[in-house]
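Here is how the chains run, residue by residue.
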Amino acid sequence: MLNTPIHRQEAAARPGAAGAGAPRGLGSTLILGLGTFAVGTDAYVVAGFLPDMASSLHVSEGTAGLSATAFAITYAVLSPVLATVLARVPRRALLVGALAVLAAANLGSALAPDFAVLMVSRIAAASGAAAFTPNAGAVAASLVAPAQRARALAVVVGGLTVATALGVPLGSLAARALDWHAALALVAALCAVAAAGVLRAMPALPGGPRIPLRRRLAALRHPGVVAVLPLTVLGMAAGYGLYAYAVPIMRALGAGEGAEPWLLFLYGAGAVAGNLTAGARVDRHGPVRVQAAGYTALAATLALLTCAAAAGTSWLPATALLMIAWGAATWFQTPAQQVRLINAAPQETAVVVGLNASALYAGIGVGTVLGGALLPHGATAALAACTALAVLCLVHLFFTRRH
């Protein structure tokens, strides 16, 4: 879930960049955290009202889920491209512009008369997200003293994780109280507020040095990176592939409509806890052991969900525990995976972390396509396929554990 910026090294090397003045406190980064909260809510909120959106646009739930796929794949492809193309654009203008694109795209999604227009607006939203998130982290690192950079990045990344815990269930509640159009309009308003806040609070910061795209992609020739990076795609496809369809999955487990928002909240709380716990455990036990435990937990959780779906009914407290475990086991993997990639190519830290962010969204996109294809055959089949992918993650980890 961490979207650590590809420009971190460049920004960290320029803490006193022109226009920044003396280092500021962590409070200056909070508005950037609001921006990443808006981005994260935009990326995941569709999960909270997918069935209603599908019905309104006269498409199947599997087809409606392709809107999440389009967002994820667009982000994965455009993130390194935009980092290169927009490198020299002044940071404040870039951040405000990206949030403005997000606001306009979400308004377009809210007003979409049909599925084709919705897809175009989701692609536009992903382009804004791909421009904002990496650069928000880079700016946060440049605004504070060196000793506070890790915490500044945590504030920015925290906006994404909190969006999973709060943004999606709040979006679900808004869709129930009003409708899904209004929920997306509220996301657009949140993006506009964040843009205004960045414009007002951020100092004028110059752009960074331009790193050619071929240099960013050169790390893919490193044997260790080639061995380790596919696990990001595979792991996110296994863990996140069905999250866009969380509402139909919960209904297959027997959860009523009133339980859906707080079950989504429990998933998000598990995701935040899993990510934070994994970071601490990696420092103590190393990334491979943490990944082995996490993918085992993911496979077990998905297997239990498969059995519950096959039974057709589930005890609500058990479903709640499984939602927490699903979120934790899905989002534990990013810290460990980033450490492995950095260890594999220590001279290309910023580049491999950026590639990992792209691979993460690529995995979400692939998983959402798989989930959408299998869901018409029943939740049991879709969950079983994701369980198999989680087991495949363990196999991949075994063969690449020395990298």
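Look up a bit, the structure's there.
Figured I'd write up the structure that's included with this text.

About the cut-offs
- Along each chain, residue indices are assigned from 1 in the same order as the chain's sequence is written.
- Thresholds applied to this predicted model are a pLDDT of at least 70 for local features of residues and 80 or more for the giving and counting of side-chain atom pairs; totals over whole chains, interfaces and linings are not thresholded and use all residues.
- Working from all heavy atoms in the structure, the side-chain values ignore hydrogens and water.
- Two aromatic rings from Phe, Tyr or Trp, using only the six-membered ring of Trp, form a pair when their centres are within 6.5 Å; if the ring planes differ by under 30 degrees the pair is stacked, by over 60 it is edge-to-face, and anything between is tilted.
- By definition, any uninterrupted DSSP run of H or I lasting at least four residues is a helix, any uninterrupted run of E lasting at least two residues is a strand, and each is numbered from the N terminus.
- Each residue's exposure class comes from its accessible area (1.4 Å probe, protein chains only) as a fraction of the maximum for that residue type: buried when under 20%, exposed when over 50%, partly exposed otherwise.
- Expected helix span is computed as 1.5 Å times (number of residues minus one).
- Whenever a nitrogen or oxygen atom comes within 3.5 Å of another N or O atom, the pair is scored as a polar contact, on the condition that within protein one atom can donate a hydrogen and the other can accept it, and that pairs from neighbouring residues in sequence are kept only if both atoms are in side chains.
- Contacts were defined at the residue level, with two residues in contact if any of their heavy atoms lie within 4.5 Å.
- We call a set of buried residues a nonpolar core when its members are Ala, Val, Leu, Ile, Met, Phe, Trp, Tyr or Cys and they connect through side-chain atoms within 4.5 Å of each other.
- Each domain's extent is set by a domain assignment, obtained either automatically or from a database.

Counted by the stated rule, this structure contains 11 aromatic pairs. With 4.0 Å between their ring centres and 20° between their planes, Y75 and Y361 make a pair best called stacked. Here Y75 is found in helix 5 (residues 66-85), whereas its partner Y361 is found in helix 18 (residues 349-374), with 286 residues between them in sequence. Classification of Y361 by relative accessible area gives buried; the value is 3%. The interplanar angle of 50° and the centroid separation of 5.2 Å between the aromatic rings of Y240 and Y243 together place this pair among those described as tilted.

Across its 16 residues, helix 16 (residues 316-331) extends 23 Å between first and last C-alpha, which sits within 8% of the 22 Å expected from 1.5 Å per residue. Residues T319, A320, L322, M323, W326, G327, A329, T330 and W331 constitute the buried set of helix 16.

Turning to the side chain of Q291, a few remarks are in order. For Q291, the location among the structural elements is in helix 15 (residues 287-311). Among the polar contacts listed, one links the side chain of Q291 to the side chain of Q337, at a separation of 2.7 Å. Polar contacts involving the side chain of Q291 include one to the side chain of R340, which spans 3.1 Å. Not counting residues up to four positions away in its chain, the partners in contact with Q291 are L231, F332, Q333, A336, Q337, R340 and L397.

With that settled, the discussion passes to unusual backbone geometry. Of note in this structure, H58 is not a glycine but carries a positive phi near 60°. Relative to the helices and strands, H58 resides in the loop between helix 3 (50-57) and helix 4 (61-64).

Within the largest apolar cluster, 112 residues are counted, with the highest numbers of intra-cluster contacts made by L32, M53, Y243, W331 and Y361. Inspection of this core shows a minimum of three residues originating in each of domain 1 (25-210) and domain 2 (215-402). Membership of the second largest hydrophobic core comes to 11 residues, among which are L229, L341, V351 and A359.

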